[in-house]
Amino acid sequence: MKIVVIGAGGDIGRPVADELARDGKHEVIRVGRSRGDHQVDITRDDSVSALFKQIGTVDAIVVAAGNVILAPVQHMTAADFHRGLQDKLLSQVRVALIGQHYLSDGGSITLTSGIAVDDPIAQGSHAAASNAGIEGFVRAAACDFRRGIRINAVSPTVLIESMDRFGPFFPGYEGVPATSVAMAYRRSVEGVHSGRVYRVGH
C-alpha cells in the first residue's frame, strides 16, 4: 500500500508513520508543514492539490495535523474561532475532499478528532466544536464515497508524550502512549470499516 501521512512529524503522526512502515508492507510518504518527504500547507487548496499532483495515486491518506485553540470562551472572538476551525476542522476536510480524487479504488482516508468532543474541558470550546465537525463529516461522507473508498477518524485522549504541554488542560486524565494510538490508525487503514470513530483512551 502507498500511504500518505500528513503531520508525520507530530506527536501522533510520527508514531503512526513508524507503525505503518514497521513491517515493510507499505510505502509510507511522510508529509509535514516544513519537513518530511514532501511539504504542504493544509489550510490552502492550492498547496494540497499540488501535493497530490506530485505524489500521484495513493491507497490511503492519514491526516494527523491541525491545531485547536485552547482559550477561555469569554476571551475568544469570532475571528479567533474561525481561524482555529480553518486549522483543525476545515484543513482535514480539505485534504479529504481533494485527496479522494487521488485514491485508488478501495482506498481509505483517516482523520483525527479528540476527546474534547465527548468529555468537554475548560477552555476547550473550540476543540469540542472542531472535533465534532470532523466526526460528523466522517460519518456522513462515508455514505457518499464511491469506488469502495472508506473514511474513518481516530479520537485519542491526551498522549503521555504530550502531557508536558497539554496535561494542565486535562487534570485527572490518564494519558495513553502514542504507540497505542498508532494502532487505531493501522486498524482504519488496513481494516474494512467506514464511518467509524475509533476512540482511544476514552
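Structure: above.
Residues numbered from 1 in each chain as written. Predicted model: local features only at pLDDT ≥ 70, side-chain atom pairs only at ≥ 80, totals over all residues. Heavy atoms only, no water.

## Digging into the layout of surface pockets
Volume-wise, the largest pocket comes out at about 1,000 Å³. Lining the largest pocket we find 39 residues, and of these Ala64, Ala65, Gly66, Asn67 and Phe166 sit closest to its centre. It is helix α3 (residues 78-99) that provides the largest number of residues to the lining of the largest pocket, a total of three residues. Partitioning the lining of the largest pocket into residue classes produces 17 nonpolar, 15 polar and seven charged. (1 Å grid on protein atoms, 1.4 Å probe; cavity = no way out; pocket = protein on both sides within 12 Å on 5 of 7 lines; lining within 4 Å. Points joined across faces, edges and corners; volume = space filled by probe spheres on them. Helix = DSSP H or I, 4+ residues; strand = E, 2+ residues; numbered from the N terminus. Nonpolar A, V, L, I, M, F, W, Y, C, P; charged D, E, K, R; others polar.)

## Observations concerning helix α6 (residues 178-190)
Residues separated by three or four positions in an α-helix point in the same direction, a consequence of the helix having 3.6 residues per turn. Its 13 residues give α6 an end-to-end C-alpha distance of 18 Å, which sits within 8% of 18 Å, the value for a rise of 1.5 Å per residue. As for α6, its buried residues are in contact with β1 (2-6), α1 (13-21), β4 (58-63), β5 (103-112), β6 (150-156) and β7 (197-200). (Expected span 1.5 Å × (residues − 1). Contact = heavy atoms within 4.5 Å.)

## Description of the environment of arginine 186
With respect to the helices and strands, arginine 186 occurs in helix α6. When its relative accessible area of 9% is taken as the criterion, arginine 186 is described as buried. Linking arginine 186 and alanine 17, residues 169 residues apart in sequence, is a C-alpha distance of 9.6 Å. Ignoring anything within four residues of it in the chain, the contact list for arginine 186 reads Glu19, Leu20, Arg22, Asp23, Lys25, His26 and Gly191. Within the structure, the side chain of arginine 186 is placed 3.5 Å from the side chain of aspartate 23, a separation counted as a polar contact. (Buried < 20%, exposed > 50% of the residue type's maximum accessible area, 1.4 Å probe, protein only. Polar contact = N/O pair within 3.5 Å; in protein donor to acceptor, adjacent residues only side chain to side chain.)

## So, the packing of aromatic side chains
Under the criterion given, the structure shown has two aromatic pairs. Between phenylalanine 52 and tyrosine 102, the ring centres sit 5.5 Å apart and the planes meet at 20°, which makes this aromatic pair stacked. Of this pair, phenylalanine 52 sits in helix α2 (residues 45-55) while tyrosine 102 sits in the loop between α3 and β5; the two residues are 50 residues apart in sequence, bridging distant segments of the chain. Summarising the aromatic geometry, the rings of phenylalanine 170 and tyrosine 173 are spaced 5.2 Å apart at their centres and angled 85° between planes, so their arrangement reads as edge-to-face. (Phe/Tyr/Trp six-rings, centres within 6.5 Å; stacked < 30°, edge-to-face > 60°.)

## A closer look at the nonpolar core
By size, the foremost hydrophobic cluster in this structure holds 31 residues, and its most contacted members are Ile6 and Ile151. Mapped by element, the contributors of at least two residues to this core are β1, β2 (27-32), α2, β4, α3, β5, α4 (125-144) and β6. Broken down by element, this core gets its largest block of residues, five residues, from α3. In contact with isoleucine 151, other than residues within four places in its own chain, are Ala96, Ile109, Leu111, Phe137, Val138, Ala141, Ala142, Phe145, Ser194, Gly195 and Arg196. Formed by 22 residues, the second largest nonpolar core is a distinct cluster that contains Val16, Leu20, Ala60 and Val181. (Core = buried A, V, L, I, M, F, W, Y, C linked by side-chain atoms within 4.5 Å.)

## A few points about the sheet that holds β6
What holds strands together in a sheet is hydrogen bonding between their backbones, with the strands either parallel or antiparallel. If you trace the seven strands from one edge of the open sheet to the other, you get β3-β2-β1-β4-β5-β6-β7, paired in parallel fashion. Looking along the sheet, the strands with just one partner apiece sit at the ends: β3 (38-39) and β7. Here β2 pairs with β3 via two bridges, running parallel. The residue bridging glycine 32 from the neighbouring strand is glutamine 39, located in β3. Each of β1, β2 and β4 is contacted by α1, which is oriented at about 165° to β2, the strand it contacts most. (Pairing = 2+ DSSP bridges. Axes fitted to C-alpha atoms, helices over the stretch in contact; angles between N-to-C directions.)

## Structural notes on the side chain of asparagine 131
Relative to the helices and strands, asparagine 131 is located in helix α4. Look at asparagine 131 and you get buried, because its relative accessible area is 4%. Within the structure, asparagine 131 has its side chain in polar contact with the backbone oxygen of glycine 114 (distance 3.4 Å). Apart from the residues lying within four places of it in its own chain, the contact partners of asparagine 131 are Lys88, Ser113, Gly114, Ile115, Ala116 and Val117.

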